[in-house]
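Close look at the chain arrangement
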Amino acid sequence: TKFSYATSVLAFYLFCTHNNLKHQMINELDSALVEFMNACFLDGDGGFVGSRLTAALSYVRPELGRPRDVHISRAKQALRGWKRLAPGFSRLPLPWEVVCGLAMLMLSEGLWVEA
């Protein structure tokens, strides 16, 4: 979790640096988060990116409080809209051809029961 938090925060800070966005004060951070979330949404990222970033920032910057607090209200609103427009998805099951290939491989290895 700490590694994914560090990765998320680093990506956000790099985005801020690249786009000349300030993020030291709470209101500046809120505006920068909205810009970052809009860019991620337009890039096709899922809402989990924003959720992980808000949790990571709450971890790195304790003054933000818990993720449910409203210190960064515009970012929370952007995240809700992002999740509404790009809902999460589950992994697709293995294609039937792959399942048959695995079964054939198991049969060739003599694993009759497992196949």
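Some details on the packing of helix α1 (residues 2-18) against helix α2 (residues 26-42)
It is the contact of α1 with α2, at a shortest axis distance of 10 Å, that shows an interaxial angle of 100°. Classified by the angle between their axes, α1 and α2 sit roughly perpendicular to one another. Taken together, the residues of α2 that come into contact with α1 (itself represented by A11, F12, F15 and C16) are L29, A32, L33, E35, F36 and A39. Here the contact of α1 with α2 is built from residues that sort into nine nonpolar, no polar and one charged.

Quick notes on unusual backbone geometry
Phi at N20 is positive, roughly 55°, even though this residue is not glycine. Within the element layout of this structure, N20 appears in the loop between α1 and α2.

Examining the nonpolar core
Counting residues in hydrophobic clusters, the biggest one holds 22 residues, and the most contacted among them are F12, L29, L33, L53 and L57. At seven residues, α2 tops the list of elements feeding residues into this core. Those residues in contact with L29 that sit more than four places away from it in its chain are F12, K22, H23, L57, R61, L64 and I72.

Examining the packing of aromatic side chains
Enumeration over the complete set of coordinates arrives at four aromatic pairs. With centroids separated by 5.8 Å and ring planes inclined at 55°, the aromatic side chains of Y5 and Y59 adopt a geometry described as tilted. Here Y5 is found in helix α1, whereas its partner Y59 is found in helix α3 (residues 48-60), with 54 residues between them in sequence. Ring centres 5.8 Å apart and planes at 45° place the aromatic pair F12 and Y13 in the tilted group.

A short note on the packing of α2 against helix α4 (residues 73-85)
At a minimum axis separation of 8 Å, α2 and α4 run at an interaxial angle of 15°. In terms of orientation, α2 and α4 fall into the roughly parallel class. Taken as a pair, α2 and α4 cross one another with a handedness that is left-handed. Touching D30, S31, L33, V34, M37, C40 and F41 of α2 are S73, R74, A75, A78, L79, W82 and L85, all from α4. For the contact of α2 with α4, the class distribution of residues is 10 nonpolar, two polar and two charged.

Things to note about a nonpolar patch on the surface
On the surface, L94, W96, V98, V99, L102 and L105 cluster together to form a nonpolar patch covering roughly 590 Å² of accessible area. When you line up the elements, W96 lands in helix α5 (residues 96-108).

Considering α1
For α1, which comprises 17 residues, the first-to-last C-alpha distance of 24 Å matches the rise-based estimate of 24 Å (1.5 Å per residue) to within 8%. Those residues of α1 that fall on the buried side of the exposure criterion are Y5, S8, V9, F12, F15 and C16. Buried positions in α1, seen along its axis, are confined to an arc of 120° and lie on one side of it. Seen from the buried face of α1, the exposed residues on the opposite side, beyond 90 degrees, are F3, L10, L14, T17 and H18. Tucked into the core, α1 has its buried residues touching α2 and α3. A positive backbone phi angle near 55° is found at N20, which sits one or two residues after α1.

Parameters and conventions
Residues numbered from 1 in each chain as written. Predicted model: local features only at pLDDT ≥ 70, side-chain atom pairs only at ≥ 80, totals over all residues. Heavy atoms only, no water. Axes fitted to C-alpha atoms, helices over the stretch in contact; angles between N-to-C directions. Helix = DSSP H or I, 4+ residues; strand = E, 2+ residues; numbered from the N terminus. Parallel < 35°, antiparallel > 145°, perpendicular 65-115°, else oblique. Contact = heavy atoms within 4.5 Å. Nonpolar A, V, L, I, M, F, W, Y, C, P; charged D, E, K, R; others polar. Core = buried A, V, L, I, M, F, W, Y, C linked by side-chain atoms within 4.5 Å. Buried < 20%, exposed > 50% of the residue type's maximum accessible area, 1.4 Å probe, protein only. Phe/Tyr/Trp six-rings, centres within 6.5 Å; stacked < 30°, edge-to-face > 60°. Left-handed = near helix turned anticlockwise from the far one by under 90°. Patch = residues over 30% accessible without salt bridge, like charges linked within 9 Å, V, L, I, M, F, W, Y side chains within 5 Å. Areas by Shrake-Rupley, 256 points an atom, 1.4 Å probe, with all protein chains shown as cover. Salt bridge = Lys/Arg side-chain N within 4 Å of Asp/Glu carboxyl O. Expected span 1.5 Å × (residues − 1). Arc of directions from axis to C-beta.

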